[in-house]
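Next come the chains, spelled out residue by residue.
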Amino acid sequence: MKMVDKDIKEWLSKYKSLTENEAQDFALSSTSNGHLINALFNLFEIIPGDVQHVDPVCRQLYEFYRSKDTRLQIFALQFVPALIWLYLASLSKDSREVCTVASYIIYKLSPR
């Protein structure tokens, strides 16, 4: 299994330690971080053996989606097709934990 990209690890760890105002600025800077976006897409293209790599990313994307900032919502929504692929690939590999996380986030991020 491929290690989680350092950009993703940094993104997850920095966001947790910020105040609300700092978090908003940091989140908005994430929307233009090409390295991070590529790393996230790469993460979703790999079928992980366990949920520990995908779950924190999905939770953070969900937080962005729940934000009142449209830019953050769009940032999260751009990953829905990759999450659908991850869900279907997980089903075919019988990786139930990843499948559950992916299906939950797809459901939550789907526009209604």
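Heads up: the structure comes first, above all this text.
(A) Looking closely at the environment of Leu28. With respect to the secondary-structure elements, Leu28 resides in helix α2 (residues 20–30). It is 8.9 Å that separates the C-alpha atoms of Leu28 and Asp69, two residues lying 41 residues apart in sequence. Sequence-distant contacts of Leu28, that is, excluding residues within four places in its chain, are made with Asp69, Arg71 and Leu72.

(B) View of the environment of Ile74. Locating Ile74 in the fold gives a position in helix α5 (residues 70–77). For the pair Ile74 and Thr31, spaced 43 residues apart in sequence, the C-alpha separation works out to 8.8 Å.

(C) Focus on the packing of aromatic side chains. Enumeration according to the criterion identifies 8 aromatic pairs in this entry. For the pair Phe44 and Phe79, a centre-to-centre distance of 6.0 Å together with 70° between the ring planes defines the contact as edge-to-face. Separated by 35 residues along the polypeptide, Phe44 in helix α3 (residues 34–45) and Phe79 in the loop between α5 and α6 (80–93) bring together distant segments of the chain. On the basis of relative accessibility, which here comes to 1%, the residue Phe44 falls in the buried class.

(D) Broad picture of α6. Given a rise of 1.5 Å per residue, 14 residues ought to cover 20 Å, and the 20 Å separating the end C-alpha atoms of α6 matches this to within 8%. For α6, the complete set of buried residues consists of Val80, Ala82, Leu83, Leu86, Ala89 and Ser90.

(E) Looking closely at the packing of α3 against α6. One way to put it is that α3 packs onto α6 with a least axis distance of 8 Å and a crossing angle of 20°. Comparing their axes, α6 and α3 come out roughly parallel. Considering the relative orientation of α3 and α6, their crossing is left-handed. Where α3 approaches α6, its residues Phe41, Phe44 and Glu45 are matched on the opposing element by Ala82, Leu83, Trp85 and Leu86. Its residues assigned to classes, the contact of α3 with α6 shows 6 nonpolar, no polar and 1 charged.

(F) Layout of α3. Compared with an ideal rise of 1.5 Å per residue, which puts 12 residues at 16 Å, α3 spans 17 Å between its outermost C-alpha atoms and is within 8% of the ideal. Of the residues making up α3, those classed as buried are Leu36, Ile37, Ala39, Leu40, Leu43 and Phe44. Axial view of α3: buried residues confined to an arc of 160°, hence all on one face. α3 presents His35, Asn38 and Glu45 as exposed residues on the side facing more than 90 degrees away from its buried surface. On its buried face, α3 sits against α1 (6–16), α2, α4 (54–66), α5 and α6. Taking the backbone nitrogen of His35 as reference, a side-chain oxygen 3.2 Å away marks Asn33 as the first, capping residue of α3.

(G) Spatial organisation of the side chain of Asp69. Topologically, Asp69 is positioned in the loop between α4 and α5. Residue classification places Asp69 among the buried residues on the basis of a relative accessible area of 13%. There is a polar contact of 2.7 Å between the side chain of Asp69 and the backbone nitrogen of Arg71.

About the thresholds
Along each chain, numbering runs from 1 in the same order as the chain's sequence is written. It should be noted that, the model being predicted, local features are given only for residues of pLDDT at least 70 and side-chain atom pairs only at 80 or more, the latter also being counted only at that level, while totals for whole chains, interfaces and linings use all residues. No hydrogens and no water enter the side-chain calculation; it runs on all heavy atoms of the structure. To qualify as a helix, a DSSP run of H or I must reach at least 4 residues; to qualify as a strand, a run of E must reach at least 2; elements of each kind are numbered from the N terminus. Residues count as neighbours in contact if any of their non-hydrogen atoms are within 4.5 Å of one another. Pairing of aromatic side chains requires ring centres within 6.5 Å, counting the rings of Phe and Tyr and the six-membered ring of Trp. Pairs whose planes differ by under 30 degrees are stacked, by over 60 edge-to-face, and all others tilted. Summary of the burial criterion: residues with accessible area below 20% of their type's maximum are buried, those above 50% are exposed, and those between are partly exposed, where the area comes from a 1.4 Å probe applied to protein chains only. Helices are assigned an expected span. That span is 1.5 Å times one less than the residue count. Only the stretch in contact is used when a helix axis is fitted, and all axes are lines through C-alpha atoms; the angle between N-to-C directions ranges over 0 to 180 degrees. Working rule for angles: under 35 degrees goes down as roughly parallel, over 145 as roughly antiparallel, 65 to 115 as roughly perpendicular, anything else as oblique. Crossings are assigned a handedness: left-handed for a near helix turned anticlockwise from the far helix by less than a right angle, right-handed for a clockwise turn. Each residue receives one of three labels: charged for Asp, Glu, Lys and Arg, nonpolar for Ala, Val, Leu, Ile, Met, Phe, Trp, Tyr, Cys and Pro, and polar for the others, Gly being one of them. As used here, the arc is the angular range of directions from the helix axis to the C-beta atoms. For the purposes of these results, a polar contact is taken to be a pair of N or O atoms within 3.5 Å, where, inside protein, one atom must be able to donate a hydrogen and its partner to accept one; residues adjacent in sequence count only when each atom of the pair is a side-chain atom.

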